[in-house]
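# Topology and contacts: notes
Here is how the chains run, residue by residue.
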Amino acid sequence: MPKSQSVRHAADILVANYISTQQAAAVLAREPGSPVTQAIKIWGDDEAPFKNLISAKTHLARRWRAIMRRLLANLEPDLTGQTVYRGWSFANARQRAEFMRPITEQGFFVNTRVGMSATKSFAISTSTPFLNSHGAIWEIRAPRKGRNLEPIFAAIGAKYPEQREVVFPRGSRFGLLEPPTKLKVVRDGQILRVPYFIFEEA
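Presented here is a report on the structure given in the accompanying data block.

### With respect to helix H5 (residues 93–106)
A rise of 1.5 Å per residue sets the reference length of H5, with its 14 residues, at 20 Å; its end C-alpha atoms lie 20 Å apart and thus fit the reference within 8%. At Met-100, H5 is deflected by roughly 35°, the largest bend along its length, and proline Pro-102 occurs up to four residues later in sequence. Taken together, the buried positions of H5 are occupied by Arg-96, Met-100 and Ile-103. On the buried face of H5, the contacting elements are strand E1 (84–88), strand E2 (108–110), strand E4 (136–141), strand E7 (173–176) and strand E9 (190–201). Put simply, Asn-92 is the residue that caps the front of H5, since its side-chain oxygen is 3.2 Å from the backbone nitrogen of Arg-94.

Given below as structure tokens:
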């Protein structure tokens, strides 16, 4: 296992390797005005700027993704192997089917975005912000490349540190272990029946 490198400033996180998330949290908390701190706080706040920047083709969006890509690459992965979950929301069942079809046919999924969020909490993955009636739940077993951003979000004052977020960098690959089943979720007096997928990180 590589040895964690020490960093003194937020900008160092973009050039050092294998930085512990605890150390990164302390450094970022000391420099709230750093572009690095501001970039990761946008992710942690999970509001309109983040939803636009994650896929937009503007210069600002590309710059933000470049910072996040380097930051995620340089943080040490969470090697606890703790199962994590991801809730999906789709506009309708057809959109869900179109997204999931190649995954079920090929038996794997590769993350092509700068990062893919998941949570250590099953309850959070099925809550309203992450799952709707047309959504799906992923269980990801034996993760090895996810970055545990929970201590960072708590240290920098992001709005939702309680989401216990783990982020998988671009290129992370997940193998589908078995055909999806149906999961019943009771929420606000309503019953949602959504597909439940079990993956293992490849």
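### Observations concerning the layout of surface pockets
Of the pockets and cavities examined, the largest pocket occupies roughly 720 Å³. Contributing to the lining of the largest pocket are 27 residues, with Phe-50, Arg-86, Gly-87, Arg-113 and Ser-117 lying nearest its centre. The element best represented in the lining of the largest pocket is strand E3 (residues 115–119), accounting for five residues. Of the residues assigned to the lining of the largest pocket, the class counts are twelve nonpolar, ten polar and five charged.

### Some remarks on the packing of helix H2 (residues 35–45) against helix H4 (residues 59–74)
Across the interface, H2 lies against H4 with an axial gap of 10 Å and an inter-helix angle of 95°. The orientation of H2 relative to H4 falls into the category roughly perpendicular. Mapping the contact onto sequence places Pro-35, Val-36, Ala-39, Ile-40, Ile-42 and Trp-43 in H2 and Arg-63, Trp-64, Ile-67, Met-68 and Leu-71 in H4.

### Comments concerning the environment of Lys-41
Secondary-structure assignment places Lys-41 in helix H2. Each C-alpha atom of the pair Lys-41 and His-9 lies 16 Å from the other, and the pair is 32 residues apart in sequence. Residues in contact with Lys-41, not counting those within four places in the same chain, are Ile-156, Gly-157 and Ala-158.

Reading guide: rules and limits
- Residues numbered from 1 in each chain as written.
- Predicted model: local features only at pLDDT ≥ 70, side-chain atom pairs only at ≥ 80, totals over all residues.
- Heavy atoms only, no water.
- Helix = DSSP H or I, 4+ residues; strand = E, 2+ residues; numbered from the N terminus.
- Expected span 1.5 Å × (residues − 1).
- Bend = angle between axes of the 7 residues up to and from the residue.
- Buried < 20%, exposed > 50% of the residue type's maximum accessible area, 1.4 Å probe, protein only.
- Contact = heavy atoms within 4.5 Å.
- Polar contact = N/O pair within 3.5 Å; in protein donor to acceptor, adjacent residues only side chain to side chain.
- 1 Å grid on protein atoms, 1.4 Å probe; cavity = no way out; pocket = protein on both sides within 12 Å on 5 of 7 lines; lining within 4 Å.
- Points joined across faces, edges and corners; volume = space filled by probe spheres on them.
- Nonpolar A, V, L, I, M, F, W, Y, C, P; charged D, E, K, R; others polar.
- Axes fitted to C-alpha atoms, helices over the stretch in contact; angles between N-to-C directions.
- Parallel < 35°, antiparallel > 145°, perpendicular 65-115°, else oblique.

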